[in-house]
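Secondary and tertiary structure notes
Spelled out from the first residue to the last, the chains are:
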Amino acid sequence: MNKKSIRDVEVKGKKVFVRVDFNVPLNENREITDDTRIRAALPTIQYLREQGAKLIVASHLGRPKGQFNEKYSLKPVAKRLAELLGIEVKMAPDVVGPEVEKMAGELRPGEVLLLENVRFYPEEEKNDPEFARKLARLAEIFVNDAFGAAHRAHASTAGIASYLPAVAGFLMEKEINFLSRALNNPERPFVAIIGGAKVSDKIGVIENLLGKVDALLIGGGMANTFLKAMGYETGKSLVEEDKVNLAGELMNKAKEVGVKLLLPSDVVVAPRIEAGVPSKIVAVDSIPAEEMALDIGEKTAKLFREEILKAKTVVWNGPMGVFEVEPFDRGTVAVAEAVAESGALSVVGGGDSVAAVEKAGVADKITHISTGGGASLEFLEGKKLPGVEVLNDK
Ligand SMILES: Nc1ncnc2c1ncn2[C@@H]1O[C@H](COP(=O)(O)OP(=O)(O)OP(=O)(O)O)[C@@H](O)[C@H]1O
Ligand SMILES: O=C(O)[C@H](O)COP(=O)(O)O
Ligand SMILES: [Mg+2]
């Protein structure tokens, strides 16, 4: 990477603003169900502490839509970070403002202050320059270690770099180095698996992926929009209505360029997302009007498995179903097991996807667990990531 890293700057005694991606999955009791993203940032945090920096750590969590909301507070993350570091982590009550500036000013070398969720302010996602300046006022150096959010041009991932020396953290470096090596010249067959819930965010990625992969397997919430485009009834399933046409075009394009596009032939349906709720497997032409498709069915899982076992390179983002709630985890677990057994070079990325491979117990069989979901997909597409572009060149 031709960008400066934390090794290239003197941080001793300085206040350092470290943007991380601590957007971890939480359960309904706001307990962290997978702390991969927190652990992944520890090398940067520990290095900066050892070098005598004062750390102001910032992240988003979920999508609170620019409002304070306790449900999206980073407090549970502060607690886990403190446990992992074995030190006290001070929790700021806010993101910017006099009180936070005071807390930052009182930090001693090696101490860590975690700011509240940067997305409690609408200015964050708007990349508002005034807000970025307020963030910058807290520190003397900006370190971006939030690879998972590097595809976002927000105030704390990009804007702030206009006001401070800006360098990459170790995780950012490691992700970029690995993904460029693995995906520049992939061994074939190259199979991508896309699922999850961020349909409008990620459906556009598919177009570019069609130029890179040999086969594309689509499951999870993403699949429903395609099923709708094929003319099937999707009941109460998660469907992105204004992307249905695009889904149709993508299917045509896949045919034109000769990429195998596999969609579910059967799905698991249930009336609501609730553990133990009665569910059944139906063919995709028989989704009941009052129910939701919440997982790929057994036949689909088997078909996907066969395709995955042929692959030499696999990239996966987005679970095949609502894997957090049983029994809707089966399709995701089956795919995770197939990826693990394939022996292919495998990259699994995304907050929930990584939680899913951990849950399936196959994480140690994945070549690279990436902290980025959307970010790794955009990187794979060849797009420039704003959170990397803004960093100072070497
Ligand atoms: N059929 C479905 N209907 C509704 N939600 C689904 C369905 N399939 C999967 N999901 C949900 O998708 C969510 C994960 O999708 P998401 O796109 O956030 O993946 P990710 O791996 O976390 O990537 P990123 O890091 O980009 O967020 C999970 O919470 C899961 O319950
Ligand atoms: O989970 C992710 O992919 C990152 O944390 C980015 O979150 P976002 O899609 O809400 O910007
Ligand atoms: Mg997610």
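The name given to the protein chain in an unreviewed UniProt entry is Phosphoglycerate kinase, and the organism recorded there is Carboxydothermus ferrireducens DSM 11255. In its Pathway (unreviewed entry) section, UniProt records this for the protein chain: "Carbohydrate degradation; glycolysis; pyruvate from D-glyceraldehyde 3-phosphate: step 2/5." If you open the UniProt record of the protein chain and go to Sequence similarities (unreviewed entry), you find "Belongs to the phosphoglycerate kinase family."

Turning our attention to the overall build of the protein chain. Across its full length, the protein chain holds 15 helices and 15 strands. In terms of overall size, the protein chain behaves like a compact globule, its C-alpha atoms giving a radius of gyration of 21 Å where 394 residues would be expected to give roughly 21 Å. Principal-axis analysis of the C-alpha atoms places the extent of the protein chain at approximately 60 × 45 × 35 Å. Of all 394 residues assigned to the protein chain, the portion counted as buried reaches 51%. In the protein chain, of all internal contacts separated by at least 6 residues, the share reaching a separation of at least 24 is 74%.

Among all positions in helix H3 (residues 75-85), only Val77, Ala78 and Leu81 are buried. Across the axial projection of H3, the buried residues extend over an arc of 100 degrees, all falling on one side. For H3, the secondary structure elements touched by its buried residues are helix H1 (36-40), strand E3 (89-91) and strand E4 (112-114). Looking one or two residues past H3, glycine 86 carries a phi angle of roughly 70 degrees, positive in sign.

The element strand E10 (residues 266-270) is largely enclosed, with a buried count of five among its five residues. Here E10 shows two buried faces, one formed by Asp266, Val268 and Ala270 and the other by Val267 and Val269.

This paragraph deals with the sheet that holds E10. Ordered in space as E11-E10-E12, the three strands form an open sheet in which the pairing is antiparallel. Of all strands in the sheet, those bounded by a partner on one side alone are strand E11 (280-283) and strand E12 (292-296). Mean inter-strand twist for the sheet, computed between neighbouring axes without regard to direction, equals 45 degrees. The sheet contact formed by E10 and E12 spans four bridges and is antiparallel. The residue of E12 that forms the bridge with valine 268 is aspartate 295. Running at roughly 140 degrees to E10, helix H11 (residues 298-310) makes contact with E10, E11 and E12 of the sheet.

This next bit is on the sheet that holds E4. With parallel pairing, the six strands of this open sheet are ordered in space as E3-E4-E2-E1-E5-E6. Looking at strand neighbours, the two that pair on one side only are E3 and strand E6 (166-168), the edges of this open sheet. Each neighbouring strand pair of the sheet contributes to a mean axis angle of 25 degrees, computed without reference to strand direction. Two strands pair when backbone bridges link them, and strand E2 (residues 54-58) and E4 are joined in this way by three bridges, in the parallel orientation. Bridge pairing in E4 places isoleucine 56 opposite leucine 113. Strands in contact with helix H2 (residues 42-50) are strand E1 (15-19), E2, E4 and strand E5 (141-144); relative to E1, the strand with the most contacts, it is inclined by about 180 degrees. On the sheet, H3 packs against E3 and E4 and is oriented at approximately 170 degrees with respect to E3.

All right, on to the UniProt feature "binding site: ATP" (unreviewed entry) in the protein chain then. In the numbering used here, UniProt assigns the "binding site: ATP" (unreviewed entry) feature to Lys202, Glu324, Gly350, Gly351, Asp352 and Ser353. Take glycine 350: it is sitting in the loop between strand E14 (345-349) and helix H13 (351-359). Not counting the four nearest positions on each side in its chain, glycine 350 is found in contact with Gly196, Asn317, Gly318 and Gly373. The topology assignment puts aspartate 352 in helix H13. Overall, aspartate 352 belongs to the buried group, with 25 C-beta atoms counted inside 10 Å. Not counting residues within four places of it along the chain, the set of residues in contact with aspartate 352 comprises Pro25, Gly196 and Pro319.

This part is about H13. In terms of burial, H13 is a largely internal element, seven of the nine residues being buried. The set of residues buried in H13 consists of Gly351, Asp352, Ser353, Val354, Ala355, Ala356 and Val357. For H13, the secondary structure elements touched by its buried residues are H1, strand E13 (313-317), helix H12 (330-342), E14 and strand E15 (368-370). Positive phi shows up at glycine 361, right after H13, with a value of about 75 degrees.

So, on to the site of ligand 1. In the vicinity of ligand 1 there are 22 residues, among which Gly196, Ala197, Gly350, Asp352 and Gly373 approach most closely. In terms of residues, the shell around ligand 1 owes the most to one element, H13, which gives three residues. The residue makeup of the shell around ligand 1, split by class, is six nonpolar, 13 polar and three charged.

In this section: the nonpolar core. Core analysis: the biggest nonpolar cluster contains 128 residues, and Val16, Phe17, Ile56, Leu114 and Leu216 have the highest contact counts within it. It is H12 that contributes the most residues to this core, seven residues altogether. Inspection of this core shows a minimum of three residues originating in each of domain 1 (6-175) and domain 2 (185-380). Apart from residues no more than four positions distant in its own chain, isoleucine 56 is found in contact with Lys15, Val16, Phe17, Val18, Ala104, Leu113, Leu115, Leu138 and Ala139.

Conventions and cut-offs
Residues numbered from 1 in each chain as written. Chains lettered and ligands numbered in written order. Predicted model: local features only at pLDDT ≥ 70, side-chain atom pairs only at ≥ 80, totals over all residues. UniProt positions renumbered as here; feature names shortened; annotations may be inferred. Helix = DSSP H or I, 4+ residues; strand = E, 2+ residues; numbered from the N terminus. Rg over C-alpha atoms; globule rule 2.2 N^0.38 Å. Buried ≥ 20, exposed ≤ 12 C-beta atoms within 10 Å, placed from the backbone. Contact = placed C-beta atoms within 7 Å. Arc of directions from axis to C-beta. Pairing = 2+ DSSP bridges. Axes fitted to C-alpha atoms, helices over the stretch in contact; angles between N-to-C directions. Near = placed C-beta within 6 Å. Nonpolar A, V, L, I, M, F, W, Y, C, P; charged D, E, K, R; others polar. Core = buried A, V, L, I, M, F, W, Y, C linked by C-beta atoms within 7 Å. Domains from an automatic or database assignment.

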